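Coordinate analysis (summary)
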Amino acid sequence: MSPASTGASTTVVATSPVPAADASVDTCDSAVDTRLTPGGPGYRRMSFALFLAGVATFALLYSTQALLPLISGEFGVAASDASWTVAAATGGLALFVLPMSALSERFGRRAVMTGSLAVAVAVGLLVPFAPSLGVLVVLRAVQGAALAGLPASAQAYLAEEVRPKALVTAIGLFVAGNSVGGMSGRIITGWVAQAWGWRVAVAVIGVIAVGCAVAFRLLLPAPKHFTAGSLRPRILLGTVRDHLANPLLRRLYAIGALFMTVFGGVYTVIGYRLTEAPFGLPQGIIGSIFLVYLVGTVSASTAGRLVGRLGRRGALYLAGGTTTAGLLLSLAPSLPLVLLGLVLITAGFFAGHAVASSAVSKTATQGRAQASALYQSMYYIGSSVGSTVGATAFHADGWGGTVAVGLLAVIGVVTITVAGSRAARVAARTAPVAAH
């Protein structure tokens, strides 16, 4: 979920900044600057194409999450085993974000996005025919690795092809596609599976993704401002090493991973929780629970104002507190309280994720593409860990075990944030001394 990620991730990999000379052209005659702008030729096509790419990406990535109880039933496995169909996809994406970002620098954004969608869609059409859980997990891992090319290239394409003043709006449409795909994919699979089973449900998502992928390729304008770079692993590894040596970036990466551990665990297991007593909800209703993601869209959009009022660390404390309150409420044997708990968990997660991911871009003064890719990698590792550990805890100790995993992750967020506050105070005290 992008960053939100809507379960989906809302963070996308940035590219090198547009040269200052280009930015200044934006104030000149529009005939001079050939980049896309709202109302101009190609802008609407580009926006809709990337929106559809976002829908396809996150519908495919989380297509099995709402179906885990049915997958468990067919293969006769526990929640912890079925959860690998989610963890394998997000883990594959996490491992391949950095390599895909490098490939997009060499071979072009549109080429990598098109290839990624083509492979992911082809695998998606095979998923319904998986004869065993092991084969299903392997297919999902390949699908996640392929999908890594989308977040690794989309914002880079936008930064190169769209005028600076229109960039935030264009990125927002892509993120909206992520959110819509993550939410609608779960809802559609829930209702289809209730009538025809999980295999038909994931097949429907595969067909929808085919349509999105074809429309994306037909609509996306050919890049006019891309300049190919060379694949130089030594430079890439050096940049990654520098980012990992930065204490603040390390803290932000850990915070993103821990927030996603909570979110991944809760939404992987919630289907099992709601099919059991005292709830006994049908699969279609369980899929509709993911409408709660809309709350995350609102909380993520207000994160900037929270930081303005409370500071980054204050906003992280508030996000952690909100998530904690939601986890505790979800323990109640009352459906309204469980739903309220999910609302608070979702709001807290999206706010925390938005604060941490935006701070990464501000902190990294160079190699922003790799800095964002590292954050995204850790984010999806958190999703994989949350899915598997949360499901294992549920199998061992019920919903209370999953909540305990979430609470430990939130404690980790708070502990890291406190350490950041102390580091900031020490730096403030030593700065005058260093100046002398």
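So, here's what we can say about the structure. Everything quoted here is computed from the prediction, not taken from an experiment. (Residues numbered from 1 in each chain as written. Predicted model: local features only at pLDDT ≥ 70, side-chain atom pairs only at ≥ 80, totals over all residues. Heavy atoms only, no water.)

Across its full length, the protein carries 17 helices and 0 strands. Counting the 436 residues in the protein, one finds 55% classified as buried. Accessible area of the protein: about 17100 Å², with a carbon and sulfur share of 69%. (Helix = DSSP H or I, 4+ residues; strand = E, 2+ residues; numbered from the N terminus. Buried < 20%, exposed > 50% of the residue type's maximum accessible area, 1.4 Å probe, protein only. Areas by Shrake-Rupley, 256 points an atom, 1.4 Å probe, with all protein chains shown as cover.)

What follows covers the environment of leucine 339. Looking at the element boundaries, leucine 339 is found in helix H16 (residues 335-363). Along the primary structure leucine 339 and valine 292 are separated by 47 residues, whereas in three dimensions their C-alpha atoms are 8.4 Å apart.

This part covers unusual backbone geometry. Most peptide bonds take the trans configuration, and most residues that are not glycine carry a negative phi. Cis rather than trans, the peptide bond between alanine 277 and proline 278 has omega equal to 5°. Here proline 278 lies in the loop between helix H12 (247-275) and helix H13 (283-288).

What follows covers the pattern of salt bridges. Per the counting criterion, the structure on display carries 1 salt bridge. Of the charged contacts in the structure, one is a salt bridge between arginine 199 and glutamate 74, with a shortest N-O distance of 2.6 Å. Within this pair, whereas arginine 199 is found in helix H10 (residues 198-219), its partner glutamate 74 is found in helix H3 (residues 68-75), the two being separated by 125 residues in sequence. For arginine 199, a relative accessible area of 24% gives the class partly exposed. (Salt bridge = Lys/Arg side-chain N within 4 Å of Asp/Glu carboxyl O.)

Below, the discussion takes up the side chain of serine 387. Considering the arrangement of structural elements, one finds serine 387 in helix H17 (residues 368-435). Setting aside its immediate chain neighbours within four residues, serine 387 contacts Ser83, Val86, Ala87, Gly264, Gly265 and Thr268. (Contact = heavy atoms within 4.5 Å.)

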